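One-letter residues, chain by chain:
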Amino acid sequence: MQTRKIGKTGIEVGPLMLGGNVFGWTADAATSYDILDAFVDTGFNFIDTADVYSNWVPGHQGGESETIIGQWLARSRKRSQVVLATKVGMDMGNGNKGLSRNYILRAVEDSLRRLQTDYIDLYFSHIDDTSTPLQETLEAYQQLIQQGKVRIIGASNYKGDRIRQAAAIAKNQKLPAYQVLQNQYNLYDRKEFETDLQPVALELKLCTTPHFALASGFLTGKYKSIADTQGKARGSRVAHYFDERGTRILNVLREICRETGVRPAAIALAWLLEQPTVLAPVVSATSVEQLETIVMIAHTRLGHADLARLYKASNHLLEKSVVHT
C-alpha cells in the first residue's frame, strides 16, 4: 500500500483516514476495538476523532469516541503505529466551545487524558471561531507544539478566505500554520469545495482530508432509491441526494462496478483520491465487514476513461469539462 506524506512534515499516512465519529455511538466499544485492530492490521494508520463525538446522542456528553480510542490504544499498545487526529472547538455544552487560548489549553488536556496518550499528531480547529482572533488561536497551538503535546495543526469546516488570513498571520508572526484542511467533499458534494477551498489548498500547498467522503452512505450503493432511506439512521441525510445528478452518479458507479468487480464505495473513494490536494478521505465503518469493503481502495486504480465518466456524471450543472488525473 502506497503511503503519502503530510506536506513537508515527513509524517506518512495511508490513503484512508478512519473516522471515529461512530465509536460509542453506532459501534459499541468491543466492535470499535475490532474495527481499529482490523484497520491497523491491514496496514492503514490514520485515525480521526474529535472531542465532541458523540454528544448528539441522548445521555452522551462528548468524549465517548476519544475514550474508546484511548482504551484501544492502552490495550493494543499500537500508539506508535498510528497517526492520531482529534479536534477542538465545537460546542461541548455549558459554554465549553471555541478557539480561545484558554479553552484550547484546557480542552487539549481533556483529549489527551481520554486518548491515554501524551501527544496528538494532528490537532484540528473543528470549526471557525470568528469571536477569537486567529492569532490568539495560533499562539495557543504554538505553545502546545513547543510542549510536545501536538505535532501539527489543521482546520476543519473553514472558508477559503479565513484559511488565507490564518496563513498570512502565521507567516508574519512566525506562528504554526494550518497544514491540513478537512471539509465536506465527495462525488456529489463538489461545488463548494472546488470553488472555494481547493484553490486555497493548491495555492498554499495544503493537504485535505475530506469528510462525508461517501455522502453519508449514498455512494456505497446501499440505497437503490429514496424509499430505501426511510426509517434508516442516516436516511434523512441521504434522501436529498436522490435528484437527477445523484441518480446519474449512482448509475455510473454501478456500471463501473459491473465492469471491474470493484464495489461502488471503493470506486467513489478512488475517484476522490485522484483529485488535487486530497491526502486521505475520512471514512467510517460500524463493522469489520464494512471496513473490508472500504479498504479495497488500497488495491483500486481507476483508468482515465472511468475518471472521465465519473467526473462528467457528477459535474454540478455540467459546466466544466476538465478531468483531473
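Worth saying up front: this structure is predicted, and the values here are computed from it rather than measured.

So, about the packing of helix α5 (residues 160-173) against helix α6 (residues 191-204). Between α5 and α6, whose axes approach to 8 Å, the crossing angle comes to 25°. In terms of axis orientation, α5 runs roughly parallel to α6. Here Gly160, Asp161, Ile163, Arg164 and Ala167 of α5 lie close against α6, whose contacting residues are Asp196, Leu197, Val200, Glu203 and Leu204. Considering only residue class, the contact of α5 with α6 consists of 5 nonpolar, 1 polar and 4 charged.

For the coordinates displayed, the defined rule picks out 11 aromatic pairs. Ring centres 6.4 Å apart and planes at 70° place the aromatic pair Tyr141 and Tyr178 in the edge-to-face group. With Tyr141 in helix α4 (residues 134-146) and Tyr178 in strand β8 (residues 178-182), this residue pair connects regions lying 37 residues apart in the sequence. For Tyr141, a relative accessible area of 0% gives the class buried. A centroid spacing of 4.7 Å and a plane angle of 80° characterise the contact between Tyr188 and Tyr241, whose relative ring orientation is edge-to-face. Highlighted residues: Tyr188 in the loop between β8 and α6 and Tyr241 in the loop between α7 (235-238) and α8 (244-260), separated in sequence by 53 residues. Relative accessible area serves as the criterion here: at 9%, Tyr188 is assigned to the buried category.

Let us look at the packing of helix α2 (residues 64-76) against helix α3 (residues 101-115). Across the interface, α2 lies against α3 with an axial gap of 6 Å and an inter-helix angle of 45°. One finds that α2 runs oblique with respect to α3. Mapping the contact onto sequence places Glu66, Thr67, Ile69, Gly70 and Leu73 in α2 and Ser111, Arg114 and Leu115 in α3.

What follows deals with the nonpolar core. For soluble globular proteins, the rule of thumb is that nonpolar side chains tend to be buried together. The biggest cluster of nonpolar side chains holds 93 residues, and the ones touching the most others in it are Tyr123 and Tyr141. For this core, the leading source of residues is helix α9 (residues 264-273), giving 9 residues. Leaving out residues up to four positions away in the same chain, Tyr123 has contacts with Thr86, Lys87, Val88, Ile104, Ala107, Val108, Tyr141, Leu144, Val150, Ile152, Ile153 and Gly154.

The rules behind the values
- Within any chain, residue numbers begin from 1 and follow the written order of that chain's sequence.
- Totals for whole chains, interfaces and linings use all residues, but because this is a predicted model, local features are given only for residues with pLDDT of at least 70 and pairs of side-chain atoms are given and counted only at 80 or more.
- No hydrogens and no water enter the side-chain calculation; it runs on all heavy atoms of the structure.
- To define axes, lines are fitted to C-alpha atoms, for helices over the stretch in contact only, and angles between the resulting N-to-C directions are given on a 0 to 180 degree scale.
- The helix count covers DSSP runs of H or I at least four residues long, the strand count covers runs of E at least two residues long, and both are numbered beginning at the N terminus.
- Here the word oblique covers every angle except those under 35 degrees (roughly parallel), over 145 (roughly antiparallel) and from 65 to 115 (roughly perpendicular).
- By definition, residues are in contact when any of their heavy atoms lie within 4.5 Å.
- When residues are grouped by polarity, Ala, Val, Leu, Ile, Met, Phe, Trp, Tyr, Cys and Pro land in nonpolar, Asp, Glu, Lys and Arg in charged, and all others, Gly among them, in polar.
- Whether two aromatic rings pair depends on their centres lying within 6.5 Å, for rings of Phe, Tyr and Trp, where Trp uses its six-membered ring; planes under 30 degrees apart make the pair stacked, over 60 edge-to-face, and the rest tilted.
- Exposure classes here rest on a 1.4 Å probe applied to the protein chains alone. A residue is buried below 20% of its type maximum, exposed above 50%, and partly exposed in between.
- We define the nonpolar core as a collection of buried residues of types Ala, Val, Leu, Ile, Met, Phe, Trp, Tyr and Cys that are connected through side-chain atoms lying within 4.5 Å of one another.

These values are about where atoms sit, not about what they do.
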